[in-house]
Every structure is written in structure tokens, then in C-alpha cells.
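Residue-level structural notes
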Amino acid sequence: MESSFCSVDVVVIGAGPSGAVVSALLNKRGYRVLVLEKEHFPRFSIGESLLPQCMTFLEEAEMVEAVQDAAFQFKNGAAFTWGDEYDFFNFSEKFTEGWGTTFQVQRDRFDKLLADEAAKQGVEIRYGHTVSAFENTDGKVLLAVDSEESGAYEVEAKMALDASGFGRVLPRLLDLEKPSELAVRTALFTHIEDHIGSHEFDRDKILVTVHPEHRDIWYWLIPFSNGRSSVGVVAPREFLATMPGDPELQLKTLISEGGRLARVLTDAVFDTPVGVIEGYSSSVKRLHGEGFALLGNAGEFLDPVFSSGVTIALKSASLAAEVVDRELSNKTPDWEQEYAAPLMVGVNAFREFVDGWYDCRLQDVIFAKEKSAQVKRMISSVLAGYAWDTDNPYVRESSRLTTLAELCRDQ
Ligand SMILES: Cc1cc2nc3c(=O)[nH]c(=O)nc-3n(C[C@H](O)[C@H](O)[C@H](O)COP(=O)(O)OP(=O)(O)OC[C@H]3O[C@@H](n4cnc5c(N)ncnc54)[C@H](O)[C@@H]3O)c2cc1C
């Protein structure tokens, strides 16, 4: 019976973090929610370093205990290195109140765990079901779905939430895609048996390394709790086009040039094929419309450098659940004012940090010898994901970073 026509309150496209959390939140409010997921979980996903702000939303969805019990790698901050320079941010030393620690997670396990928690709470999730069309008629939405097992069928709902990540289902179907203003960059990445014994690496933090000569090339090293790590490099597409070799050779060559990172990974065993994602930044003309809203990566994706993706995805889920609730209780919410604008406060704060990273303002701040403790706490707050706290001057005023970078350069 699973794949015949059905009618629900809310249909969610995709069971990644934003889909799992929004469906749990709406289920708690008493709505009938159906999640359609084209893959079978566990499935690989990139994006393994969480930010402490995520924990607030996991708590709201009653999933935080399951995440804490899952033996993921503890994370309490972010470390940065460039040549001989090294500094780190301890996320418990931050301006904004709230969680100061989180986890680094294998996303196949993490995403399955969240989806299973949503299912335990009563959400129906159908795996192997791909959404292929969307229509909005007479105040209802109609989705065409292809089930691997039983073929095509339709789902009717009062609202559709697109949590399809890089699948970007509704942006593609409704011509909402807009090119990102960020430059086209490529990420090369893999998982390794890390064999790290070096005192130069703190396993409780993500390590972000800047290439010694090319400051727009950077690497992540995200340790897991099982002796393995995720390692990747982000570089302009044109730069990689000039490098010889396949992606694996390119990744290894760049790591060997990475100074401290190269030393930390001396004994690492590269045992997994190298993945490539090109031009990952994306944007949309609008985040909502008649009968639908876009969540997480289906809306805007900036850049991996500050690990903000899952945090933005969960924030969008939390905001959307509230506005859908108002919509379905006939309170005619203003989606622009109640969903898009508040979501973009944090997205724009991260955008300023991403811009500041690539034009080196933020790098100059991070690697400055002397920083005021209060300023460091404010920067730490944004890096910990508290990008919606408008009491923080670095969230409220985008010009702050420029002024601070100038001060740091004059030191
Ligand atoms: C190189 C790189 C590194 C990153 N590193 C980090 C990091 O360290 N930390 C971090 O927080 N973020 C990181 N991100 C971002 C992170 O991967 C995403 O922001 C996050 O996964 C978004 O979650 P989501 O729920 O929106 O979508 P997803 O997690 O992508 O989930 C979407 C789901 O929708 C399903 N789907 C797609 N199409 C359809 C369809 N037609 N029908 C049904 N289902 C469908 C997919 O199968 C998928 O399961 C990184 C991104 C990149 C590119």
C-alpha cells in the first residue's frame, strides 16, 4: 500500500539533517508528515564537522541524547595553521550563551541516526522514493514520486518542504536557481586511516590549514573517533586545472606542501577513493513560494570553510517548522519576514566570514599575534555557529571585520 496515492499535511523531500529535523518538529506539533528520500540510508555525505549551535536544534527535535550516545568524535573548537603560524578557538570561550561543544561525525551514520530518531517519533520515511515533479493547485501541492519498488505515484499535501540538499529539487523544477556570487571552487577529499601520534594535532578540534603560498587554498582535517579522519582541500578550479595527475595525486601533492598538516599526516594510509565536488556554492531567487519552502542546501550553500552547512540546514528546519505550523493553523504567516529574513541573518554573517577568509581579512585576524580576548570571544561565537545572535557586533555590522583586519595588519 505504501506507494499508492496518499494525502498528508506536509511532505518533505529528502531525509538529510534538515529533512529529519523539520519532520520531527512538525510531527511533534501533531501534523502528518511524509518524508521521501531517494537513497537508502546509510549513504555517504560530505560535511562532517558540526558546530555547537547545531546542538540547540537537535535538542529541540529531541535527538541530542541519541547523538551524544553515538560515540562520535568530541569537538570543542577549531584550529588554524599557515606556515609557522598556529592559533585556535575554544568554542566554550565565546560571546553568545549556549552549547560550546559538539561532534565530528561520519555523515552516513549521523544522517541515519537523525532519520531513525524522526521515524521513532512517528514520522513516515520512504527510502528509494525520488520526487520528480511538483504542482500547486487549489491550495494543495501535488508531487510526482518514483518508487524503486512500485513505480510512479502521487502525494498530495498542504505544504512541501524541499530538504533535498544538492539535489535542489524545487529550485530546478520551479526555475528558482540563481548563480552564487562566490567564486567557483573545487573540493578534493577522502577518508584516511590517520595514524596521528603528533602533538601538533588536537583531536578535539578541526584543523584548517592555509597553503603556505596560495592563501585561497585551504585544507580540512576532521578526525573521527575510530582512528580515521576526513581530509580535503579546497582550491580555485583554474588552479587544479594546472596541476598534473588525477585528483588523488593532486590531493596528496597539496597535502605534502601543507607544512604542519603534512607532518601530522606522515603515517596516514590513503585507502579510500578521492571524491571531487566542483562549484558547490549555490543560491536561489527566493526561499519560499505558494505551498513550499526551501531548507538547508536546497536554498543557499556558501562554502565549507567554517563548517556552517549543517548548522544553517538545522536552523532553517527550526524556523520552517514554526512558520508551517502558523500556515496550517490559518494564521497566514509572512514567509519573507518570518522565515527568509531571519534565516538570512546568519547566512549573511557566515557570508561575510567566507568573503573575509578568501580576501584574507579574516585570516589576518586569526593569525594576528595579539587579539583582544573580547574580540576573540565574538569571532569564536560565529565560528561556533551562533551567527544569528545580533547582539554580537560581528553578526550585526559587516564592516566590523574590515576594521579589525586593518588593526591587525597595523600591529
Ligand atoms: C566540500 C564540502 C565540505 C563540507 N563540509 C561541511 C562541514 O564540515 N560541516 C557542515 O556543517 N557542512 C559541511 N558541508 C555542507 C553540508 O554537506 C550540507 O550543508 C548539509 O549536508 C546540508 O544538509 P541538508 O539536509 O540540506 O541536505 P543533505 O544532507 O544533502 O540531504 C539531502 C537529501 O535529499 C535527498 N534527495 C535529493 N534529491 C532527491 C529527490 N529528487 N527525491 C528525494 N530525495 C532526494 C538526498 O539523497 C539526500 O539524502 C560541506 C559541503 C561541501 C561541498
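Higher on the page you've got the structure.
Below: a short report on this structure. What you are looking at is a predicted structure, and each value in this text was computed from that prediction instead of being measured. (Residues numbered from 1 in each chain as written. Predicted model: local features only at pLDDT ≥ 70, side-chain atom pairs only at ≥ 80, totals over all residues. Heavy atoms only, no water.)

1. Description of the pattern of salt bridges
Counted according to the given criterion, the structure contains 33 salt bridges. The structure contains a network of salt bridges with shared partners spanning Arg32, Glu124 and Arg126. (Salt bridge = Lys/Arg side-chain N within 4 Å of Asp/Glu carboxyl O.)

2. Quick look at the packing of aromatic side chains
All told, the structure shown has 16 aromatic pairs when counted by the stated rule. With centroids separated by 6.0 Å and ring planes inclined at 90 degrees, the aromatic side chains of phenylalanine 80 and phenylalanine 89 adopt a geometry described as edge-to-face. Here phenylalanine 80 and phenylalanine 89 have matching classes, each one buried. Grouping aromatic residues by their ring pairs yields a cluster made of Phe80, Phe89, Phe306, Phe353 and Trp357. (Phe/Tyr/Trp six-rings, centres within 6.5 Å; stacked < 30°, edge-to-face > 60°. Buried < 20%, exposed > 50% of the residue type's maximum accessible area, 1.4 Å probe, protein only.)

3. Some thoughts on the nonpolar core
Across soluble globular proteins, nonpolar side chains show a tendency to be buried alongside one another. Counting residues in each nonpolar core, the largest one holds 122 residues, and the members touching the most others are Leu58, Phe80, Leu143, Leu161, Tyr339 and Trp357. Ranked by the residues each element gives to this core, the list is headed by helix α11 (residues 335–358), at twelve residues. Among residues more than four places away in sequence, those in contact with phenylalanine 80 are Glu85, Tyr86, Asp87, Phe89, Val208, Phe306, Trp357, Ile366, Phe367 and Leu383. In terms of nonpolar packing, the next biggest core, distinct from the first, is built from 22 residues, Ala235, Leu240, Met243 and Leu251 among them. (Core = buried A, V, L, I, M, F, W, Y, C linked by side-chain atoms within 4.5 Å. Helix = DSSP H or I, 4+ residues; strand = E, 2+ residues; numbered from the N terminus. Contact = heavy atoms within 4.5 Å.)

4. Details of the environment of aspartate 267
Here aspartate 267 lies in the loop between α8 (260–264) and β16 (269–270). Distance from aspartate 267 to serine 180, taken between C-alpha atoms, is 38 Å for residues 87 residues apart in sequence. Sequence-distant contacts of aspartate 267, defined by excluding residues within four places in its chain, comprise Asp194 and His195.

5. So, the side chain of threonine 209
Within the secondary structure, threonine 209 is located in strand β13 (residues 205–210). Ignoring sequence-local partners within four residues, the contact set of threonine 209 consists of Thr81, Ile217, Trp218, Tyr219, Gly258 and Leu261.

6. Let's talk about the pairing of strand β4 (residues 77–82)
Each regular strand carries side chains that alternate between the two faces of the sheet. The element β4 is extensively covered by neighbouring structure, given that five of its six residues are classed as buried. In the sheet, β4 pairs with strand β5 (residues 85–90) via six bridges, with the strands oriented antiparallel. Pairing of threonine 81 across the sheet is with tyrosine 86, part of β5. Hairpin remark: β4 followed by β5, antiparallel, with two residues in the connecting loop; positive phi at glycine 83, about 60 degrees. Relative to β13, β4 runs parallel, the two being bridged by six bridges. Note that in β13 the partner of threonine 81 across the bridge is threonine 209. (Pairing = 2+ DSSP bridges.)

7. Considering the packing of helix α2 (residues 53–60) against helix α10 (residues 309–328)
Where α2 contacts α10, the axes come no closer than 9 Å and their chain directions differ by 35 degrees. Seen from above, α2 lies across α10 with left-handed handedness. Residue-level inspection shows Gln53, Cys54, Phe57, Leu58 and Glu60 of α2 in contact with α10, the latter providing Val310, Thr311, Leu314, Lys315 and Ser318. Grouping the amino acids of the contact of α2 with α10 by side-chain chemistry returns five nonpolar, three polar and two charged. (Axes fitted to C-alpha atoms, helices over the stretch in contact; angles between N-to-C directions. Left-handed = near helix turned anticlockwise from the far one by under 90°. Nonpolar A, V, L, I, M, F, W, Y, C, P; charged D, E, K, R; others polar.)

8. Overview of the site of the ligand
Neighbouring residues of the ligand: 37 residues in total, closest Ser18, Glu37, Ile46, Asn297 and Val310. For the ligand, an oxygen atom lies 2.8 Å from a polar atom in the backbone of isoleucine 46. A distance of 2.8 Å separates a nitrogen atom of the ligand from a polar atom in the backbone of serine 49. For the ligand, the accessible surface in isolation is 1,000 Å², of which the surrounding protein chains cover 95%. Those elements that place two or more of their residues in the shell around the ligand are α1 (17–28), β2 (33–37), β8 (129–137), β14 (218–223), α9 (296–299) and α10. (Near = heavy atom within 4 Å. Polar contact = N/O pair within 3.5 Å; in protein donor to acceptor, adjacent residues only side chain to side chain. Areas by Shrake-Rupley, 256 points an atom, 1.4 Å probe, with all protein chains shown as cover.)

9. Section: the pairing of β2
For β2, the tally of buried residues reaches five of five residues, placing the bulk of the element in the interior. Across the two faces of β2 the burial is the same, with Val33, Val35 and Glu37 and Leu34 and Leu36 all buried. With α1 bridging strand β1 (residues 6–13) and its parallel neighbour β2, the resulting β-α-β unit is right-handed. (Right-handed = clockwise from strand over helix to strand, strands pointing away.)

10. Thoughts on unusual backbone geometry
Between phenylalanine 41 and proline 42 the backbone carries a cis peptide bond, its omega angle lying at 0 degrees. Relative to the elements of secondary structure, proline 42 occurs in the loop between β2 and α2. Even without a glycine there, the phi angle at alanine 71 is positive, about 60 degrees. Considering the arrangement of structural elements, one finds alanine 71 in the loop between α3 (64–68) and β3 (73–75). The phi dihedral of aspartate 175 falls on the positive side, at around 55 degrees, and the residue is not glycine. In this structure aspartate 175 comes out as exposed when scored by relative accessible area, which is 54%.

11. Comments concerning the environment of leucine 188
Its location among the elements puts leucine 188 in strand β12 (residues 185–193). The class for leucine 188 is buried, based on a relative accessible area of 1%. Ignoring sequence-local partners within four residues, the contact set of leucine 188 consists of Val231, Gly232, Val233, Leu240, Pro247, Gln250, Leu251, Val274, Gly275 and Val276.

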